[in-house]
Amino acid sequence: MIRHVILGAGVAGITAAEAIRASDQTADITIVSEDPHGFYSRPGLAYYLSGELPEKQLYVYSKEDWQRLNVRFVQARATRLLPQEHRLELGEAGALIYDRLLLATGSTAVRLNIPGAELQGVVKLDTFDDTRHIFTLARRARSAVVVGGGIIAVELVEGLRAQGLNVHYFLRGERYWPNVLDEKESRLVEKRLAEHGINLHYHTDAAEILEKRGKVAGVRTAKGENIRCEIVAAGIGVRPRMELAQAAGLATERGILVDEYLQTSQADIFAAGDAAQVFDPLTGISSIDTLWYPARQQGRAAAQNMTGGRQPFRRNVAVNVLRLAGVMIAIIGSVGTGEEPLDVARGSSETWRRLPNTIAVGSGGGVNQVRLTIGEQTLLGAVVMGEQTLARPLQELISNQVDITPVRDQLLQPSMPLGQVLMDFWYTTSGKPS
Amino acid sequence: MPISTSISSPTTRHEALASGHVVPESARCVQCGICTFNCPIGIDVRRYARLGEHITNPRCLTCGECVQRCPRCVLRFDRLNIFKERGK
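Computed from a predicted structure; not experimentally measured.

Residues and elements named next belong to chain A. Under the definition given, this model contains 11 aromatic pairs over all chains. Through a chain of ring-to-ring contacts, three or more aromatic side chains come together here, namely F39, Y61, W66, F73 and W292. Lying over the aromatic face of Y261, R310 brings its terminal NZ or CZ to 3.7 Å of the ring centre.

Structural data, given as structure tokens:
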């Protein structure tokens, strides 16, 4: 019997286990996870922190789901991988011998690299335990400083505010998330944050975390200003967890390198999810996605290849729909603004920032805005803020690479209501509404 | 047709609710469970979203609580067509 070992109990690992089980009711599957909480919704941690969800709701699987999956679950930290011996060492928990191994190790939050970063009161929003830790600290805190420019940073801002804290949000540059949002979109998020009582500090870097009896007492900015706080929260990006793969001699770059079959440089070791840097034969580029759905697709494809299939992973257009500062935002396909990119951020895709020769147009005002990235014959990307009716049609038009020649000129006209043109065009091409 | 009413043809809220059911778009779902948590009659909406199935539970009131609360716009109303769509 083939021994399948899956390292990681996030969405990539669990989906792989589901797919292996679906193909073989008797398959031998072991899942190894360092996280004692097993499988839960990491994106949901933000809603747990904001008070919208109770803790137990984050667990995706019921007891019956686990029984149906019928896997051996080992809570342990993998300490060494020996590919030649097909052996995964788990420290004091012993070792596992595998025939097929999936590295679904995910990513981990990048830690602040400034003096004081090790103090009690410096937090991240990465795991269940991180979130519980924030709750504990917030009970005795009055103020917090949040550092970082992407989704997680704003989720931390909102979550800490929801705990009743006075929140200072440091933006390194002159606006929020400049490598994905354009200026109008950034300003909208900033305005909403300010309306919720957040203190925005532009062109501000944390230079040092100040201490009092081993705990956070404040932050000194690069400009020399001191801000009192008891919590410093960082959402400055994530790093694929690939130390084990590197030490084992597997090919790595920014993540664990895999081909379109999710196979690493070792034939019987696969990788999927945030940790994997996946080759796309259509573009010739290897990219990292830190999104839930691509992780799910990769886990499924990896499982098919681990069980004897030959199923390539085909990257869809990267989509994330989320709520930032109370505003719904859909980010679809290539939308980059050409500004300096972050390394890797959670809930992101490197493909968003990859732009061929394109024109960006936008329309709308106030909270409802649409921005399109228009290529020669197709739409390449879109950002839809506020009202989301257009998001789904745009997702279809972009994913299916629909030829937009009939409306391209209209879309490029400055005063054209993009929404109406797009909906009419979508009806024509899709035959909707029925 | 105004965009705000463009996706579904029914013109009143009541008609929309009575003639439709809730449909998830699994590609957007992050399984946070807000839908399930807020369902007034306890339907595990998240499970349907995970499996990519329409919410065909006959107890569903189509009250719209899950549609409105979802922070990822995963859920929407769609017209009920039991002959073509059921179970998909």
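This paragraph deals with the sheet that holds strand 20 (residues 276-280) of chain A. Sheets are built from strands that pair by backbone hydrogen bonding, the pairs being arranged parallel or antiparallel. Residues and elements named next belong to chain A. Read from one edge to the other, the open sheet built from 3 strands follows the order 18-20-21, with strand pairing classed as mixed. Both edges of this open sheet fall to strand 18 (256-258) and strand 21 (285-287), since each of them pairs with a single strand only. Between one strand axis and the next, the sheet turns through 30° on average, direction left out of account. Across 3 bridges, strand 20 lies against strand 21 in antiparallel orientation.

Now for the state of the cysteines. All names here are of chain B. Counted under the stated rule, the structure contains 0 disulfides over all chains. Unpaired in this structure, C73 has its nearest cysteine sulfur neighbour in C70, at a distance of 6.5 Å. According to the relative accessible area criterion, C73 is buried, its value standing at 17%.

Further remarks concern the sheet that holds strand 13 (residues 206-212) of chain A. All names here are of chain A. One open sheet holds the 3 strands; their spatial order is 13-14-15, and the pairing between them is antiparallel. A strand with exactly one partner marks an edge of an open sheet, and here the two such strands are strand 13 and strand 15 (226-228). For this sheet the average axis-to-axis angle between neighbouring strands, irrespective of direction, equals 30°. Pairing analysis gives 3 bridges linking strand 14 (residues 215-221) to strand 15, with the strands arranged antiparallel. Bridging from a neighbouring strand, G218 pairs with R228 of strand 15.

What counts, and at which threshold
- Residues numbered from 1 in each chain as written.
- Chains lettered and ligands numbered in written order.
- Predicted model: local features only at pLDDT ≥ 70, side-chain atom pairs only at ≥ 80, totals over all residues.
- Heavy atoms only, no water.
- Phe/Tyr/Trp six-rings, centres within 6.5 Å; stacked < 30°, edge-to-face > 60°.
- Lys NZ or Arg CZ within 6 Å of the ring centre and 35° of its normal.
- Pairing = 2+ DSSP bridges.
- Helix = DSSP H or I, 4+ residues; strand = E, 2+ residues; numbered from the N terminus.
- Axes fitted to C-alpha atoms, helices over the stretch in contact; angles between N-to-C directions.
- Disulfide = S-S within 2.5 Å.
- Buried < 20%, exposed > 50% of the residue type's maximum accessible area, 1.4 Å probe, protein only.

Take it as geometry only, folks, not as evidence of what the structure does.
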